[in-house]
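Below are the chains, spelled out letter by letter.
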There are 2 protein chains.
Amino acid sequence: MQNLGINLHHSALSRLNPVESGTLGKRVYDELRNFLMVGGVQPGEKITLRQLTSACGTSLMPVREAVQRLAAEGALEVLPNRAIRVPVMTKARVKEILKVRLMLEGMAVEEAAARIQVSVIEQLEELNETFSKEMRRRDDSSRLFQVNKEFHFTIYRAAEMPVLLGIIENMWLQIGPFLHFSLGVRGREATSQFAPDSHKRMIRAMRQRNAVMGRKALASDLGGAVELMLRLGNLPD
Amino acid sequence: MQNLGINLHHSALSRLNPVESGTLGKRVYDELRNFLMVGGVQPGEKITLRQLTSACGTSLMPVREAVQRLAAEGALEVLPNRAIRVPVMTKARVKEILKVRLMLEGMAVEEAAARIQVSVIEQLEELNETFSKEMRRRDDSSRLFQVNKEFHFTIYRAAEMPVLLGIIENMWLQIGPFLHFSLGVRGREATSQFAPDSHKRMIRAMRQRNAVMGRKALASDLGGAVELMLRLGNLPD
DNA sequence: TTTGTTACGATGTGATCACATATCATTGAT
DNA sequence: ATCAATGATATGTGATCACATCGTAACAAA
């Protein structure tokens, strides 16, 4: 394990599943993207192309494509040294992203309130059910974030605004790693105090076609999470 | 000129300046990005990597990087056939982008109204001056779009919200090619009826620190342009 | 012990080669 | 004459090689 142990322990990289469908570049992109969103790498940690190649079992080319794409989306960062790392999140950046997300996802919620199908609302009920259930488990919390993301995007998809949806996905991709990093078990306990309630209010807003209520519920949900990030995760600036 | 004349005339590609600074991939990206934003390629037109290589004088690698990045940003599109083309714009897509842009750029204008420096406002005056002057010229209109873009982004930069600014740039990149394609000389004549006035109102809003007035002026500016796009450029859907 | 130099290793970038596949034109049969 | 089969060409993708550059550690001099 020559120079591997810079900061990136070997066990973390080996959790990267080999790949499955599409072009190799696309597969590596999907794997790496998901790996970043569930907090597989810490903010500020540097990664190298050759580490990824050994982890994915491919050559440099697909890895290069995936990394460059992630960098273009803001999920990775290429330093002037040409080194690659997970971006660091500052407090100012967190606050700005919260502001933008409230606007973007608020619009999505309002549109969804007017268009969402009742069958989809029932899916939301189930998702929030499993979310509350998953919240009480003590093990790895990646599944919790997964369910939470699925809940939110089930609403956002109902807005039927593909451009807006793409931007929102990009925001989640950029802030995803820090959610997992900042919010550990302590964060989850604190989250359990408001998240399920906010979700219930969002479901109620969807059922009543109440756009304003939906936006308010979303604001308390996002605001609570960001509040925790600023308090628990000691961010620079 | 074997199979070059698919749809892409040789003279169009030769307008791509060789490159200048940074890594080759970055240079090709900048050149190609600018080439797309000034309407160098028509929507729906297909391009090939090897065409770009001969136009840029490099090998496949830098071109691949640039194209993949543009594709990740939505400025290019990779079909299931793995062919590369400039995305086609539908009416529904135009309308959604207008809605999202009004929200994004509206927020930027409001923030800018509270933070913009008086020296920057004077820059806006000058930019709008040259904009009006450029509007009366009959030659190639790429400079007109350039000045218009600079005017808008001078305001958006004053908002001091880098994340928001990045999203807005992405929207402009996606809709840029269609502006040039849809709005020809006819579009320019129609634009001259409202654009300078909207700009003046935006400047007045900045000077008076009036966020609401700024958003309204922006709305008439964007709305006017989109109106023209929907009317003049015969879009599918 | 500290500082400046040097040499080695590793990394990102670019070029070239190889290949599966899509596109299109030619050819052949009905 | 129309349509299907087939062959050739071109294109995107992946692998491998080569190289300039950066980081780091070993080493020497003070």
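Going along each chain's sequence as written, the residues are numbered from 1 onward. Labels are handed out in written order, letters beginning with A for the chains and numbers beginning with 1 for the ligands. Under the rules for a predicted model, residues below a pLDDT of 70 receive no local features and side-chain atom pairs below 80 are neither given nor counted, while totals for whole chains, interfaces and linings still include all residues. Excluded from the side-chain calculation are hydrogens and water; included are all heavy atoms of the structure.

1. Observations regarding the protein's contact with DNA strand C
Residues are counted as near a molecule or strand when any one of their heavy atoms sits within 4 Å of it. Not every one of the 16 residues close to DNA strand C is listed here, only the nearest: Leu49(A), Arg82(A), Leu24(B), Ser59(B) and Met61(B). Here the atoms of DNA strand C within 4 Å of the protein split so that 68% fall in sugar or phosphate, with bases taking the remainder. Within the backbone of Leu49(A), one N or O atom sits 2.9 Å away from a phosphate oxygen of DNA strand C. For this analysis, a polar contact is any N or O atom pair within 3.5 Å, provided that within protein one partner can donate a hydrogen and the other can accept it, and provided that sequence-adjacent residues contribute only side-chain to side-chain pairs. Between DNA strand C and Gly25(B) there is a distance of 3.3 Å, counted from a phosphate oxygen to a backbone nitrogen or oxygen. Residue assignment for the surface near DNA strand C shows that the elements contributing at least two residues are helix H3 (49-56) of chain A together with helix H2 (24-37) and helix H4 (60-72) of chain B. Ranked by the residues each element gives to the surface near DNA strand C, the list is headed by H4(B), at three residues. When residues are sorted by character, Ala, Val, Leu, Ile, Met, Phe, Trp, Tyr, Cys and Pro go into the nonpolar class, Asp, Glu, Lys and Arg into the charged class, and all the rest, Gly among them, into the polar class. Its residues placed into classes, the surface near DNA strand C shows six nonpolar, six polar and four charged. Secondary structure elements follow DSSP: runs of H or I no shorter than four residues count as helices, runs of E no shorter than two count as strands, and numbering proceeds from the N terminus.

2. Considering the protein's contact with DNA strand D
The immediate surroundings of DNA strand D are formed by 16 residues, with Leu24(A), Ser59(A), Met61(A), Leu49(B) and Arg82(B) found nearest. For DNA strand D, the backbone makes up 68% of the atoms found within 4 Å of the protein, where backbone means sugar plus phosphate. One of the backbone N or O atoms of Gly25(A) is found 3.3 Å from a phosphate oxygen in DNA strand D. Here Asn81(A) contributes a side-chain N or O atom positioned 3.4 Å from a phosphate oxygen of DNA strand D.

3. A few points about the confidence of the model for chain A
Residues and elements named next belong to chain A. Averaged over every residue, the pLDDT of chain A is 87; residues scoring 70 or more account for 91%. Across the chain, each position has a pLDDT score giving the predictor's confidence in that residue, from 0 to 100. No element of chain A has a lower mean pLDDT than helix H1 (residues 10-13), which averages 41, and none a higher one than helix H5 (residues 91-115), which averages 97. It only takes one pair of heavy atoms within 4.5 Å for two residues to be counted as in contact. Under a pLDDT of 50 for its full length, residues 1-19 has, in the predicted model, 28 contacts with residues more than four places off or in other chains.

4. A word on the sheet that holds strand S3 (residues 84-85) of chain B
Residues and elements named next belong to chain B. Strand pairing follows a simple DSSP-based rule, namely that at least 2 bridges must link the two strands. Read from one edge to the other, the open sheet built from three strands follows the order S1-S3-S2, with strand pairing classed as antiparallel. Strand pairing shows two members of the sheet lacking a second neighbour, strand S1 (46-47) and strand S2 (77-78), which therefore form its edges. In this sheet, S3 lies alongside S2 in antiparallel orientation, the contact comprising two bridges. Bridge pairing in S3 places Glu 77 opposite Arg 85.

5. Section: the interface of chain B and chain A
Listed by partner, the interface residues are 23 residues for chain B and 23 residues for chain A. Together chain B and chain A conceal approximately 2200 Å² of surface at their shared face, both sides included; 70% is due to carbon and sulfur atoms. By convention, the term buried area covers the 1.4 Å-probe accessible surface removed from two parts as they join, with the contributions of both added. On the chain B side of the contact with chain A, Glu96(B), Met103(B) and Val163(B) bury the most area, a combined 27% of that side's loss. Between Lys or Arg on one side and Asp or Glu on the other, a salt bridge is scored when a side-chain nitrogen of the former is within 4 Å of a carboxyl oxygen of the latter. Taken together, the connections running from chain B to chain A amount to two salt bridges. Close ionic contact of Glu111(B) with Lys99(A) constitutes a salt bridge, the shortest N to O distance being 2.5 Å. Viewed at the interface, chain A and chain B are joined by eight residue pairs in polar contact (both at pLDDT 80 or more). Listed by contribution, the elements that provide at least two residues to the side of chain B that touches chain A are H4, helix H5 (91-115) and helix H8 (162-182) of chain B. Broken down by element, the residue count for the side of chain B that touches chain A peaks at nine residues, all from H5(B).

6. Digging into the environment of Arg204(A)
All names here are of chain A. Of note, Arg 204 is situated in helix H10 (residues 195-207). Here the term buried applies to any residue with accessible area under 20% of the maximum for its type, exposed to any over 50%, and partly exposed to those in between, with areas from a 1.4 Å probe on protein chains only. The partly exposed category is assigned to Arg 204, whose relative accessible area is 43%. Expressed as a C-alpha distance, the spacing of Arg 204 and Ala 113, which sit 91 residues apart in the sequence, is 10.0 Å.

7. Things to note about the domain arrangement of chain A
Residue and element names in this part refer to chain A. Where each domain starts and ends follows an automatic or database-derived domain assignment. Split into domains, chain A comes out as domain 1 (4-85) and domain 2 (91-232). The C-alpha centroid of domain 2 is placed 26 Å from the C-alpha centroid of domain 1. Contacts between domain 1 and domain 2 engage 12 residues on the former and 13 residues on the latter. Between domain 1 and domain 2, the buried area comes to about 1100 Å², and carbon and sulfur atoms account for 67% of it. For the pair domain 1 and domain 2, the number of links is zero salt bridges. Residue contributions to the side of domain 1 that touches domain 2 peak at four residues, all from helix H2 (residues 24-37). Looking at the side of domain 1 that touches domain 2, its residues break down into six nonpolar, four polar and two charged.

8. A short note on the pattern of salt bridges
Summed over all chains, the structure comprises 24 salt bridges over all chains. Taking the shortest distance from any N to any O, the salt bridge between Glu111(A) and Arg115(A) comes out at 2.6 Å. In this pair, Glu111(A) and Arg115(A) both sit in helix H5, four residues apart, roughly one turn of the helix. A salt bridge links Glu134(B) to Arg137(B); the shortest N-O distance between them is 3.8 Å.

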